[in-house]
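A look at the structure
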Amino acid sequence: MKWNGKNVLITGANGFVGSYLAKELLDKGSDVYGFIRPEDMVAMEKNLIDKGIKDKLKMLEGDLGNISSLASALDHSQPDVIFHLAAQSSVEFSFRRPLDTQDINTIGTANLLEAVRIKDIDAKIVFAGSSEVYGMVISSPEQYQRALDSGKTIFPEPEKIPELPISESNPLRPMSPYAVSKVSGDFLMQNYHHSYGLDTVVSRAFNHEGAGRGMMFVTSIITNQIMKLKYQETDRITIGNLNACRDWSHVTDIIHGYQVLASKGRAGEVYNQGSMRTNSVLSYILLGLERAGWNINQIETIKGDDQSKTINNPTELVDDPIFGVKFDKTRVDQMILENQLEYTIQDKGIRVNTDQGPLTIEFNPDRFRPSEIPLLLCDNQKIQKIGARIEYSLSDVIQDQLDYFDQKENRV
Ligand SMILES: C[C@H]1O[C@H](OP(=O)(O)OP(=O)(O)OC[C@H]2O[C@@H](n3cnc4c(=O)[nH]c(N)nc43)[C@H](O)[C@@H]2O)[C@@H](O)[C@@H](O)C1=O
């Protein structure tokens, strides 16, 4: 698609992802309209200021909960393409505010689609769905049995084990109010194509990070604390569950994917977006520490009573295939993925022995979730077939965030 001269409406254009997308489309010559909640105008304007687009974006005030404000935004922008990115995007917050999450994400998406239908707008609509919809993915017979023993329901039952890498046809087993809201949005998009012929396409993006990522997400929590350690503004890293493995991409690769979907995504279909790598939260911390200047020799638990959790050279890279996929992972990733290593709250944290002395990673029990997806690994072949590419390595993603927090004014 030639973006020059196109009218583009981005809901949540002042958000982390929206601002990256808005900048790129403005640079390509689109007329970009941002549908923005009045209370976020000032609160989130840093994203627009940092990218130099505050005065270039055409701001339309409104609220996803108010269908009239959506209809008015459609009247003003007459969009060729709509990117629906606005959402309550924190899984953690959704456990505390499930109704707000459904209001914004489910009802808000239904309102947008209904406004487009009533106004008879002929636009391609790209929806920011989420890998969270897959939820409880079964990675081994042992994990399946453990889940059953702990009283969890697994529905639908797995047809194969492991269910990895995750393709678009994997079962949906959402595990949080946020995930349920994204299942709703995803199905609303598909249904408005099938019922009313709207030109909708769903991106199910896995985790995507980069400079300016919100402070409630783990990669910013980690890289902010690493830079505070470096500048002696703190003496430890505080964290929740660091066994979780996520498929982390750079936000730039994902916004390129959104543009590919706008041009070539088939109406009514869903497309995964991810890197086809998976790495643990623990590795994100250790690799971040190394990039910030520490050499890591060994990790051990703070409680110190379990020698099997003392790991030498934990960041050594291993590229043996796992789940039939070859990607860079650390020694600790490999052990976590093969169910040989798991840190628990009882371990209290991890002591990281470095060339400059020991560092402390402390577990905060409040940061552990009521239910947690252990592992996400994307099968991205469907979107790659229509032209999307992953350009950034995990190290690039971590470095971009460290550089951001290297600037004192960005540290929290
Ligand atoms: C694809 C999906 O991606 C994101 O959802 P998320 O994966 O929940 O992202 P997160 O950065 O909050 O957590 C990642 C992992 O990190 C663990 N973790 C440990 N310690 C802390 C901690 O202290 N804070 C947080 N937030 N997480 C922690 C946490 O338990 C989880 O396992 C959103 O963009 C969402 O919108 C989306 O769609």
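Note that the coordinates shown come from a computational prediction; the quantities given were computed from them, not determined experimentally.

On to the overall build of the protein chain, then. When helices and strands are counted, the protein chain shows 14 helices and 18 strands. For the protein chain, whose C-alpha radius of gyration is 21 Å, the value lies close to the compact-globule estimate of 22 Å for 412 residues. Counting only contacts in the protein chain whose residues sit at least 6 apart along the sequence, the fraction spanning at least 24 positions is 78%.

On to the UniProt feature "domain: NAD-dependent epimerase/dehydratase" (unreviewed entry) in the protein chain, then. Residues given the UniProt feature "domain: NAD-dependent epimerase/dehydratase" (unreviewed entry) here are residues 8-272. Between the end C-alpha atoms of residues 8-272 the distance is 22 Å, and the span holds 44% helix and 17% strand.

This next bit is on the sheet that holds strand S13 (residues 296-301). Ordered in space as S8-S18-S17-S13-S14, the five strands form an open sheet in which the pairing is mixed. With one partner strand each, in any of the chains shown, strand S8 (237-239) and strand S14 (311-312) form the two edges of the open sheet. Examined bridge by bridge, S8 and strand S18 (residues 357-363) share three bridges and lie parallel to one another. Residue pairing in the sheet places Thr238 in a bridge with Glu362 of S18. Relative to the sheet, helix H11 (residues 281-291) contacts S8, S13, strand S17 (349-354) and S18, its axis offset from that of S13 by approximately 145°.

With that out of the way, let us pick up the site of the ligand. Taken together, 22 residues form the shell around the ligand, and within it Val91, Ser130, Val218, Gly240 and Ala244 come nearest. Elements that contribute at least two residues to the shell around the ligand include exactly helix H5 (91-96) and helix H9 (218-230). For the shell around the ligand, the class distribution of residues is 10 nonpolar, six polar and six charged. Counting only domains with at least three residues in the shell around the ligand, you end up with domain 1 (1-135 + 172-205) and domain 2 (136-163 + 213-248 + 277-376 + 392-412).

With that settled, consider the domain arrangement of the protein chain. Assigned domains of the protein chain: these are domain 1 (1-135 + 172-205) and domain 2 (136-163 + 213-248 + 277-376 + 392-412). Inter-centroid distance (C-alpha atoms) of domain 1 to domain 2 is 30 Å. Listed by partner, the interface residues are 11 residues for domain 1 and 13 residues for domain 2. By residue number, the principal contributor to the side of domain 1 that touches domain 2 is H5, which donates three residues. A breakdown of the residues in the side of domain 1 that touches domain 2 according to their chemical character gives five nonpolar, four polar and two charged.

This brings us to helix H4 (residues 67-77). Among the residues of H4, those classed as buried are Leu70, Ala73, Leu74 and Ser77. The arc that holds the buried residues of H4, viewed along the axis, is 100°, so those residues lie on one side. Opposite the buried face of H4, at more than 90 degrees from it, the exposed residues are Ser68 and Asp75. Where H4 is buried, its residues contact strand S1 (7-11), strand S2 (31-36), strand S3 (58-61) and helix H6 (98-119).

For the rest of this paragraph, the subject is the sheet that holds strand S6 (residues 199-205). Either a parallel or an antiparallel arrangement is found when strands of a sheet pair, and the pairing is made through backbone hydrogen bonds. Strand order in the open sheet formed by seven strands is S3-S2-S1-S4-S5-S6-S11, and the pairing between neighbours is parallel. The open sheet has two edge strands with one neighbour each: S3 and strand S11 (269-273). Between one strand and the next, the sheet's axes are offset by a mean angle of 20°, whatever the strand orientation. With five bridges joining them, S6 and S11 adopt parallel strand pairing. Paired with Val201 across the two strands is Glu269, which belongs to S11. Together, strand S5 (124-130), S6 and S11 form the strand contacts of helix H8 (residues 177-196), whose direction differs from that of S5 by roughly 155°.

Here the focus is the packing of H9 against H11. The N-to-C vectors of H9 and H11 enclose an angle of 30°; their axes lie 10 Å apart at closest approach. It follows from the interaxial angle that H9 and H11 lie roughly parallel. Of the two elements, H9 crosses H11, and the hand of that crossing is right-handed. Across the interface between the two elements, Val218, Thr219, Ile222, Thr223 and Ile226 of H9 pack against Val281, Tyr284, Ile285, Gly288 and Leu289 of H11. A per-class count over the contact of H9 with H11 returns seven nonpolar, three polar and no charged.

A few words now on the environment of Phe187. Its location among the elements puts Phe187 in helix H8. Classification of Phe187 by C-beta neighbours within 10 Å gives partly exposed; the count is 17. Between the alpha carbons of Phe187 and Thr101 there is a distance of 16 Å; along the sequence they are 86 residues apart.

Take the nonpolar core next. One recurring pattern in soluble globular proteins is that nonpolar side chains are buried together. Ranked by internal contacts, the top residues of the largest apolar core, which has 119 residues, are Ile10, Leu21, Val116, Val126, Ile285 and Leu376. When residues of this core are sorted by domain, at least three fall in each of domain 1 (1-135 + 172-205) and domain 2 (136-163 + 213-248 + 277-376 + 392-412).

With that out of the way, let us pick up H9. When the terminal C-alpha atoms of H9 are compared, their 18 Å separation across 13 residues agrees well with the 18 Å that a helix rising 1.5 Å per residue should span. Of all 13 residues in H9, 10 are buried; the element is thus mostly enclosed. Buried within H9 we find Val218, Thr219, Ser220, Ile221, Ile222, Thr223, Asn224, Gln225, Ile226 and Met227. The secondary structure elements touched by the buried residues of H9 are strand S7 (208-209), S8, H11 and helix H14 (394-406). Phi for Gln232, located one or two positions after H9, is positive at around 55°.

Definitions and limits used
- For every chain, the first residue of the written sequence is number 1, and numbering continues from 1 along that sequence.
- Totals for whole chains, interfaces and linings use all residues, but because this is a predicted model, local features are given only for residues with pLDDT of at least 70 and pairs of side-chain atoms are given and counted only at 80 or more.
- Note on conventions: DSSP H or I runs of at least 4 residues are helices, E runs of at least 2 residues are strands, and numbering of each starts at the N terminus.
- The atom set for the radius of gyration is the C-alpha atoms, and the globule formula is 2.2 Å times the number of residues raised to the power 0.38.
- Here, residues touch in the contact sense if the C-beta positions derived from the backbone fall within 7 Å of one another.
- UniProt positions are given in the numbering used here, feature names are shortened, and annotations may be inferred rather than shown by experiment.
- A pair of strands counts as paired when DSSP detects no fewer than two bridges linking them.
- Every axis in this analysis is a line fitted to C-alpha atoms, fitted for helices over the stretch in contact. Angles between the N-to-C directions lie between 0 and 180 degrees.
- Any residue qualifies as near a molecule or strand once its backbone-derived C-beta atom lies within 6 Å of it.
- Classification used: nonpolar for Ala, Val, Leu, Ile, Met, Phe, Trp, Tyr, Cys and Pro, charged for Asp, Glu, Lys and Arg, polar for all others including Gly.
- Domain delimitation follows an automatic or database domain assignment.
- Counts of 20 or more other C-beta atoms within 10 Å of a residue's own C-beta define buried residues, counts of 12 or fewer define exposed ones, and intermediate counts define partly exposed ones; C-beta atoms are placed from the backbone.
- What the arc describes is the spread of directions from the helix axis to the C-beta atoms.
- The scheme is simple: roughly parallel for angles under 35 degrees, roughly antiparallel for over 145, roughly perpendicular for 65 to 115, oblique for anything else.
- Left-handed describes a crossing in which the near helix is turned anticlockwise from the far one by less than a right angle; the clockwise case is right-handed.
- Remark: nonpolar core denotes a set of buried Ala, Val, Leu, Ile, Met, Phe, Trp, Tyr and Cys residues whose joining runs through C-beta atoms within 7 Å.
- Working rule for helices: expected span equals 1.5 Å times residues minus one.

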